[in-house]
Structure formats: C-alpha cells, structure tokens
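Tertiary structure, described
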2 protein chains.
Amino acid sequence: MSRGVGRDHETVRGAIAAAACVLVAEEGAGALTVRRVAAAAGVSPGRVQHYFPDRTALMLAAFDSVQHAVAAEVTTAVGEAAAPEQVLTAVLRAMIPTDDTAMRRLRVVAQFESLALTEDILATRIREGHAELLAFLERLLESSRIRLDSNNTEGTLQGLLATAEGLSGQVLLGQSSPDRALALLQTSIDDMFRGVAS
Amino acid sequence: MSRGVGRDHETVRGAIAAAACVLVAEEGAGALTVRRVAAAAGVSPGRVQHYFPDRTALMLAAFDSVQHAVAAEVTTAVGEAAAPEQVLTAVLRAMIPTDDTAMRRLRVVAQFESLALTEDILATRIREGHAELLAFLERLLESSRIRLDSNNTEGTLQGLLATAEGLSGQVLLGQSSPDRALALLQTSIDDMFRGVAS
DNA sequence: TCCTAATCGATACGAGTGTATCGGATTGCG
DNA sequence: CGCAATCCGATACACTCGTATCGATTAGGA
C-alpha cells in the first residue's frame, strides 16, 4: 500500500510533521522548507506538497507536532506524581531540558515562539496553550488543600512559569547547566510553598 | 560628501545596522536580507554590500546595534538610581517592555536569541553579555551592605534574571500585560530582599 | 592639477524558494 | 474487470536570495 487511496493520511502527515520538527531543532526555523522537510523525512517534495497545501500549513502541522509531544511529556510526568505539589513540580521540571530529546523538543518550541512574534496564528495558539496550562495548574492547587500565602494563586503561578521559561532559555543558550537550572527552579518552588499549610 | 574617501564609515555602518534592527523587529529574523535592509535604510543594495562583506557581518552588526541600545538603556536606568537595590530593580525592570520602543528593542533581542540556537557566534556573544550583566549585579550587591539570606548571591541573581526574561517573553507574546509583568517581577524582587538587613 | 584610493550603483549568475500543474501509478469499489 | 478517486513524482515558472564583478563617481594628498 505505497500508493492509492488506502494510505493512512494522518500517519503520513504526522511523520512529515515530526521530520519537520527534527529539522527545526537542528537547523532553525529558517530550514522549514518544503524541499528540506521532504529530504529530512526521506520523501519526495511532491508528497509533502500533496499533504500540505502551502508552507503555512506545514508550519502549523510542525507546531502541533511539538505541542502534542510536550503535552504527552507533561501528561506522563503528571501521571507519576501523586500529590498536587509533586504534579506542579513535575510540570515545571519538564520545562527544563535535561536530556537530548528534551533539548531538541524545547529548541523547537523556542524557535516557534520567536516565529510567533511575526506570525499571528502561532501567537494565538501559543497563548491558548499557555492559558490552558495555567488554568490546569490553578485548578490543581485550588482543588487541593494548598493555599498560597500571597492569596494570589494565578499570579504566583504565572511568575513560576516565567521563571521556568527563563531558566529553560538559559539552558538552551548554554548560559546555565540543566542541573543548576533545576536547582534554581526548585528554590523558586520552595519559596512559593514557604509558610503554606498543606 | 556623498561619495569618496571622506565618508564617515562608522556612521553609515551604524545607520544601516539600525535600519536592520527595525526590520527584524517588524518582520522577524527571516527578513535580515541585504536587499530588504537596503530598502529599509533607504539605500542602494550595493552600498549595504560595500559596508558588509556578507550576510553574517550584517547580522552581527545588527546584533551589536541592539546590544548597545540595551546597554545604553540600562546605563541610563542605573544612572537615575541611587541605592544598590534600586539599581537592581531598575535593571530588571528594563527587561520588561512597557512602551513601543522597548517593545521593538526586546523583540529584536528575542529574535536574535532564537537565531543563536543555530548560529554559534551569536550564542557566544549573548553568553558573554549575560555573564557580564550577572557579574555587574553580583559586584553591586556584594560591594553594598546587602547580604542575601540564601547566602548564594549568584544563584539568586540568576533566578531573578530568568524570571525577568520569562516575564519579558510573556509580554512579547501577549500572554501578560506589561503592568502585570512588572508587578510579578516586583514580587520576586521583594521576596529576594525579604529578611535581609540592608 | 592629477592620480590614487575609497565609495557605491548596477548588473549578472547560480542556487533555492513557494506554488501550479500534469501525468502516471495504485487502490478499493461496483 | 473496469473505473473513479486518490496518491504522488516530476517538471516548470516566477520569484528572492547571496555574492561577484564592473564601471562610474568622488575626495584628498602629491
């Protein structure tokens, strides 16, 4: 079934999008090209063109691919945690790249974030994902017995997310080691829980 | 003196680099092109080519241009502050875009940071600038009477810088308003100084 | 004055881009 | 067994890109 109507459309699309992500991770967003992606996926340019009408569709598919990968990563990290504090810690730690695969994934995310400064569609999607994550963590903490001393759960969470994102950027740029970033992140988390009755 | 040897080389170079920054701010790093920059600077492509041997030189000049602009901004912000705590606060607040010009400037910085994930020369320069800023703030706090409770000045500062960078990214992506980001940043700074005898 | 070096506009070339289009291959259905 | 729908490889076209190159212009020293 290498041709014809029997092809599993979504599988092929996903494979091409995944190859596009690898390409972006290694060569930057500028390499997001029909022909380059085709070469990276080991596929003819015509095939890529068949599954994606234009360059924007290819870009959005690649973005969805990383976003789903990140969501899956977060989900498994959450699955292993029990208490709400552990869930929060796991989610935030997942934003710091420690191994090669996480490094690549977060490099792709960083590339798309800078693309989003120009492409409004990407900015919207990133905002939605960010708001979703924030709401999830907010529900998590509010449904538990945890109450933050600042009486401002959303603000504190947003600050924590900003810290994690900043540390992630530092690691990606080689300004900080993953271990150091994780330690600093843990300090911020501990500060947040300080003086809180669980 | 529109031609000939009498031209002020550095002035022309600077003007072209500044125009390149405006272009990057408005259209992203992908617009960093000889012809586009020439058009943005109101200059013939040949002139740009004359002052910059290749695209990399143009990119580095544009990067230096923003870096100097940021340094100047920080310097004036520091000049208005008296106490070391105020200096630190001023530096960190300068990383959050509040008006249009700061917005544009930080957009350019963000674009170059994502470019640095691919271009090693940029990564090196950013690391150097970051280390320099960190060392400056460290000296500032250590030479003053301020001692951090965590007994880990560098780590705390790095965490604070990460928070500011993360908040800056949130503002750039429209996930947070400048005022909100400034408030969250202030909270982080206050937490840092909590329990510290000045 | 004139001549050398700097400046710069214009043009050209090859590579790479997005996209349109065509034709053959393949498959599942009637 | 057709046959229509899908799949996809190939090609073409009009662009933009970086870069090389040439010639004209200009300024300042000899």
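Everything below is about the structure printed above this text.
What counts and how
Residues numbered from 1 in each chain as written. Chains lettered and ligands numbered in written order. Predicted model: local features only at pLDDT ≥ 70, side-chain atom pairs only at ≥ 80, totals over all residues. Heavy atoms only, no water. Helix = DSSP H or I, 4+ residues; strand = E, 2+ residues; numbered from the N terminus. Buried < 20%, exposed > 50% of the residue type's maximum accessible area, 1.4 Å probe, protein only. Areas by Shrake-Rupley, 256 points an atom, 1.4 Å probe, with all protein chains shown as cover. Lys, Arg positive; Asp, Glu negative; His and termini not counted. Charge placed at Lys NZ, Arg CZ, Asp CG, Glu CD. Axes fitted to C-alpha atoms, helices over the stretch in contact; angles between N-to-C directions. Parallel < 35°, antiparallel > 145°, perpendicular 65-115°, else oblique. Left-handed = near helix turned anticlockwise from the far one by under 90°. Contact = heavy atoms within 4.5 Å. Nonpolar A, V, L, I, M, F, W, Y, C, P; charged D, E, K, R; others polar. Core = buried A, V, L, I, M, F, W, Y, C linked by side-chain atoms within 4.5 Å. Buried area = accessible area lost by both parts, 1.4 Å probe. Salt bridge = Lys/Arg side-chain N within 4 Å of Asp/Glu carboxyl O. Polar contact = N/O pair within 3.5 Å; in protein donor to acceptor, adjacent residues only side chain to side chain. Least-squares fit on C-alpha atoms with pLDDT ≥ 70 in both. Phe/Tyr/Trp six-rings, centres within 6.5 Å; stacked < 30°, edge-to-face > 60°. Expected span 1.5 Å × (residues − 1).

Topic: the overall build of chain A
- If you tally the helices and strands in chain A, you get nine helices and zero strands.
- Overall, chain A shows an N-to-C arrangement of helices and strands of α-α-α-α-α-α-α-α-α.
- Along the three orthogonal principal directions, the C-alpha set of chain A runs to about 65 × 35 × 30 Å.
- Across the 198 residues of chain A, 46% fall into the buried class.
- Summed over all atoms, the accessible surface of chain A reaches about 9800 Å², with 51% contributed by carbon and sulfur.
- Seen as two clouds, the 18 positive and the 24 negative side-chain charges of chain A have centres 7 Å apart.

Description of the packing of helix 4 (residues 55-79) of chain B against helix 7 (residues 120-143) of chain B
All names here are of chain B.
- In contact at an axis separation of 11 Å, helix 4 and helix 7 are set at 15 degrees when each is read in the N-to-C sense. Of the possible angle classes, the one that applies to helix 4 and helix 7 is roughly parallel. Once helix 4 is placed against helix 7, the crossing between them reads as right-handed. Taking contact as the criterion, the partners of Thr 56, Met 59, Leu 60, Phe 63, Asp 64 and Gln 67 in helix 4 are, on helix 7, Ile 121, Leu 122, Arg 125, Ile 126 and Gly 129.
- Split by residue class, the contact of helix 4 with helix 7 holds six nonpolar, three polar and two charged.

Observations concerning the nonpolar core
- In terms of nonpolar packing, the biggest core is built from 37 residues, with Ile 16, Phe 52, Phe 112 and Leu 122 of chain A touching the most fellow members.
- For this core, the secondary structure elements donating two or more residues are helix 1 (9-27), helix 2 (34-41), helix 3 (45-51), helix 4 (55-79), helix 6 (100-116) and helix 7 (120-143) of chain A together with helix 6 (100-116) of chain B.
- Contact partners of Phe 52 of chain A, with chain neighbours within four places excluded, come to Arg 13, Ile 16, Ala 57, Leu 58 and Ala 61 of chain A.
- Met 59, Ala 61, Val 66 and Ile 126 of chain B belong to the second largest nonpolar core, which has 36 residues in total.

Thoughts on the interface of chain A and chain B
- Between chain A and chain B, the residue contacts involve 31 residues of the former and 31 residues of the latter.
- Taken together, the two surfaces of chain A and chain B that pack against each other cover about 2700 Å², and 51% of this comes from carbon and sulfur.
- Among the residues chain A hides against chain B, the three largest losses belong to Leu 117, Gln 158 and Leu 173 of chain A. Together they make up 25% of the total.
- Note that Arg 180 of chain A is salt-bridged to Glu 154 of chain B, the shortest N-O span being 4.0 Å.
- Viewed at the interface, chain B and chain A are joined by 16 residue pairs in polar contact (both at pLDDT 80 or more).
- Sorting elements by how many residues they give to the side of chain A that touches chain B places helix 8 (residues 153-172) of chain A first, with 12 residues.
- Grouping the constituent residues of the side of chain A that touches chain B by class yields 10 nonpolar, 14 polar and seven charged.

Remarks on the relation of the copies chain A and chain B
- Overlaying chain A with chain B gives an RMSD of 0.0 Å, the required rotation being 180 degrees about an axis along which the chain moves by 0.0 Å. Between the two chains, the operation in question is that of a two-fold axis.
- Of the interface residues in chain A, 100% have counterparts in chain B that sit at the interface too, so the contact is made through matching surfaces.

Comments concerning the pattern of salt bridges
Residue and element names in this part refer to chain A.
- Counted according to the given criterion, the structure contains eight salt bridges over all chains.
- Arg 105 is the partner of Glu 73 in a salt bridge, and the nearest nitrogen-oxygen pair spans 3.2 Å. One end of the pair, Glu 73, is in helix 4; the other, Arg 105, is in helix 6, and 32 residues separate them in sequence.

As for the environment of Leu 137 of chain A
- Mapped onto the secondary structure, Leu 137 of chain A falls in helix 7.
- Leu 137 of chain A sits in the buried class, given a relative accessible area of 0%.

Details of the side chain of Gln 111 of chain A
- Positionally, Gln 111 of chain A belongs in helix 6.
- Polar contacts involving the side chain of Gln 111 of chain A include one to the main-chain carbonyl oxygen of Ser 114 of chain B, which spans 3.1 Å.
- Aside from chain neighbours lying at most four places away, what touches Gln 111 of chain A is Val 24, Gly 28 and Ala 29 of chain A together with Ser 114, Leu 117 and Thr 118 of chain B.

Digging into the packing of helix 8 of chain A against helix 9 (residues 178-193) of chain A
All names here are of chain A.
- It is at 9 Å that the axes of helix 8 and helix 9 come closest, and there the two elements cross at 170 degrees. By the criterion of interaxial angle, the relationship of helix 8 to helix 9 is roughly antiparallel. Packed against helix 8, whose contacting residues are Thr 156, Leu 157, Leu 160, Thr 163, Ala 164, Leu 167 and Val 171, the element helix 9 presents Pro 178, Ala 181, Leu 184, Leu 185, Ser 188, Ile 189 and Met 192 at the interface.
- Its residues assigned to classes, the contact of helix 8 with helix 9 comprises 11 nonpolar, three polar and no charged.

A short note on the packing of aromatic side chains
Residue and element names in this part refer to chain A.
- The full count for this structure, using the stated rule, is two aromatic pairs over all chains.
- An angle of 80 degrees between the planes, with centres 5.6 Å apart, marks the rings of Phe 63 and Phe 112 as edge-to-face. In this pair, Phe 63 is assigned in helix 4 and Phe 112 in helix 6, connecting sequence segments 49 residues apart.

Some details on helix 7 of chain B
- The first and last C-alpha atoms of helix 7 of chain B sit 34 Å apart over 24 residues, in line with the 34 Å expected at 1.5 Å per residue.
- Listing the buried residues of helix 7 of chain B in full gives Leu 122, Ala 123, Ile 126, His 130, Leu 134, Leu 137, Leu 140 and Leu 141 of chain B.
- The elements touched by buried residues of helix 7 of chain B are helix 8 of chain A together with helix 4, helix 5 (84-93), helix 6, helix 8 (153-172) and helix 9 (178-193) of chain B.

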